[in-house]
Amino acid sequence: FGIVCFVVMVIVIVITLSITLPRRDENGGGSHTAWHRDSDRFRRLKDYLVANRISVVHDLEDESTPQHYAAQWLAHKDPMQLEISDSSSSSENLSKDHNTLVERYSLTVFYYATGGPNWNNNLNFLSGAHVCAWYSDFFIEGDDDSIADS
């Protein structure tokens, strides 16, 4: 139940930010020239995210959206390279990595929607670590206690 609440909260934050923040330029603050919009892995990920109602086609195909950047990162740059099953939304066909995939996608959308490539400290986001460790390196200057413990 806890993970479901977390995922729902992250999705609400991502949707709110993607609606209220201005769209980024085509490069999204970084170079994404190695990404291939029409790669088989990106297409399968896009189909999976849409079929499971995690995102919508327009946001995944619009190259200026945080959703597009997140899907491209997951498809091509994520060190975990999680399994992407067929796009069927039936529970027996969900990817064995479904929860991890949704968490990584949601937090990667958050990263791009809030200007992550321009952050002073990337907080371990977009690393090969589990998402719970993506913010674990955040400390208040001059304080030895972590704000967020993973």
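Being a predicted model, the structure only gives us computed values, none of them experimental. (Residues numbered from 1 in each chain as written. Predicted model: local features only at pLDDT ≥ 70, side-chain atom pairs only at ≥ 80, totals over all residues. Heavy atoms only, no water.)

Peer 1: What am I meant to see in the side chain of S64 here?
Peer 2: Structurally, S64 can be placed in the loop between helix 3 (57–61) and helix 4 (66–76). Within the local environment of S64, its side chain forms a polar contact with the side chain of D62, the two groups lying 2.8 Å apart. (Helix = DSSP H or I, 4+ residues; strand = E, 2+ residues; numbered from the N terminus. Polar contact = N/O pair within 3.5 Å; in protein donor to acceptor, adjacent residues only side chain to side chain.)

Peer 1: Can you walk me through the packing of aromatic side chains in this structure?
Peer 2: When we look at a pair of aromatic rings, we describe it by the centre distance and by the angle of the planes. For the structure on display, the rule yields eight aromatic pairs. Aromatic pair W73 and W134: ring centres 6.0 Å apart, planes at 80°, arrangement edge-to-face. Separated by 61 residues along the polypeptide, W73 in helix 4 and W134 in the segment after helix 5 (98–113) bring together distant segments of the chain. Relative accessible area serves as the criterion here: at 0%, W134 is assigned to the buried category. Ring centres of W119 and F125 lie 5.2 Å apart, and the angle between their planes is 80°; on these two criteria the pair is classed as edge-to-face. On the basis of relative accessibility, which here comes to 24%, the residue W119 falls in the partly exposed class. Among the aromatic residues, those joined into a cluster by ring pairs are Y69, W73, F110, Y111, Y112, W119, F125 and W134. (Phe/Tyr/Trp six-rings, centres within 6.5 Å; stacked < 30°, edge-to-face > 60°. Buried < 20%, exposed > 50% of the residue type's maximum accessible area, 1.4 Å probe, protein only.)

Peer 1: What exactly am I supposed to notice about the pattern of salt bridges here?
Peer 2: Once their charged atoms are close, side chains differing in charge can pair, the charge on each being opposite to the other. Taken as a whole and judged by the stated rule, the model has five salt bridges. Here R43 makes a salt bridge to D40, at a shortest N to O gap of 2.4 Å. Separated by three residues within a single helix, R43 and D40 lie in helix 2 (residues 40–51), roughly one turn from each other. Of the charged contacts in the structure, one is a salt bridge between E61 and K46, with a shortest N-O distance of 2.8 Å. Of this pair, E61 sits in helix 3 while K46 is found in helix 2, placing the two residues 15 residues apart along the sequence. Judged by its relative accessible area of 15%, K46 falls in the buried class. Each of the salt bridges in this network shares a partner with another, and the network as a whole consists of D40, R43, R44 and D47. (Salt bridge = Lys/Arg side-chain N within 4 Å of Asp/Glu carboxyl O.)

Peer 1: Please explain the environment of V8 as it appears in this structure.
Peer 2: Turning to its location among the elements, V8 is positioned in helix 1 (residues 2–20). Note on V8: relative accessible area 46%, which makes it partly exposed. V8 sits 98 residues away from S106 along the chain, and the two C-alpha atoms are 9.5 Å apart.

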